[in-house]
Amino acid sequence: MGGMVSRIKENRKYDFISIEHLGVVSDGKEDITSDAVKPWAGSLENYSFKEKDGKTEVLVEMDITEEYKEMFNDMWLRALQKLKEISEK
């Protein structure tokens, strides 16, 4: 069992949400203090929602290190396409 330890830092309904990443969950245990998480602990993942021509435009901004930039760019393209498909049903 694994994942991220995060919290909602700010939530403006229908407009903006900010998620602050604090650490990881590994084997069911939270890690928010190790040297492995320190370089990116406190990073933000922000989503802005704006109406544009009768549709919702989603802007994603994320604090990432250079080594993960390509991975997240690929992941976000697929995730946002899936979100578009789901929301247009």
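A quick note: this is a predicted structure, and the numbers were derived from the prediction, not measured.

(A) The arrangement of the overall build of the protein in detail. When you go through the protein residue by residue, the secondary structure sums to one helix and five strands. Scanning the protein from its N terminus toward the C terminus, one meets helices and strands in the order β-β-β-β-β-α. Projected onto the principal axes, the alpha-carbon positions of the protein cover approximately 45 × 25 × 25 Å. Counting contacts in the protein only where the partners sit at least 6 residues apart, residues at least 24 apart contribute 31% of the total. Accessible surface computed for the protein: about 7100 Å², of which carbon and sulfur atoms make up 52%. One finds the centroid of the 14 positive side-chain charges in the protein at a distance of 5 Å from the centroid of its 19 negative side-chain charges.

(B) Quick peek at the pattern of salt bridges. The full count for this structure, using the stated rule, is six salt bridges. Between Arg12 and Glu10 there is a salt bridge whose closest N-O contact spans 2.4 Å. Between Lys38 and Asp35 there is a salt bridge, and its shortest N-O distance comes to 3.5 Å. Residue classification places Asp35 among the exposed residues on the basis of a relative accessible area of 63%.

(C) Here's a closer look at the pairing of strand E1 (residues 2-12). Relative to strand E2 (residues 16-26), E1 runs antiparallel, the two being bridged by ten bridges. Looking at the pairing, Gly2 lines up with Ser26 of E2. Count of turn residues in the E1/E2 antiparallel hairpin: three residues, of which Tyr14 carries a positive phi of about 70°.

(D) Spatial organisation of the side chain of Glu45. Within the fold, Glu45 resides in strand E4 (residues 43-52). Among buried Asp, Glu, Lys and Arg side chains, Glu45 stands out as unpaired, with Arg78 the closest opposite charge at 13 Å. Among the polar contacts made by the side chain of Glu45, one reaches the side chain of His21 at a distance of 2.6 Å. With residues up to four places along the chain from it excluded, the contact list for Glu45 reads Ile17, Ser18, Ile19, His21, Glu61, Met62 and Trp76.

(E) The arrangement of the packing of aromatic side chains in detail. A complete count under the given rule lists one aromatic pair for this structure. Geometrically, the ring pair formed by Tyr47 and Trp76 is edge-to-face, given 5.7 Å between the ring centres and 75° between the ring planes. Of this pair, Tyr47 sits in strand E4 while Trp76 sits in helix H1 (residues 66-87), and the two are 29 residues apart along the sequence. Here Tyr47 falls in the buried class, since its relative accessible area comes to 15%.

Each value, and the rule that gives it
Residues numbered from 1 in each chain as written. Predicted model: local features only at pLDDT ≥ 70, side-chain atom pairs only at ≥ 80, totals over all residues. Heavy atoms only, no water. Helix = DSSP H or I, 4+ residues; strand = E, 2+ residues; numbered from the N terminus. Contact = heavy atoms within 4.5 Å. Areas by Shrake-Rupley, 256 points an atom, 1.4 Å probe, with all protein chains shown as cover. Lys, Arg positive; Asp, Glu negative; His and termini not counted. Charge placed at Lys NZ, Arg CZ, Asp CG, Glu CD. Salt bridge = Lys/Arg side-chain N within 4 Å of Asp/Glu carboxyl O. Buried < 20%, exposed > 50% of the residue type's maximum accessible area, 1.4 Å probe, protein only. Pairing = 2+ DSSP bridges. Polar contact = N/O pair within 3.5 Å; in protein donor to acceptor, adjacent residues only side chain to side chain. Phe/Tyr/Trp six-rings, centres within 6.5 Å; stacked < 30°, edge-to-face > 60°.

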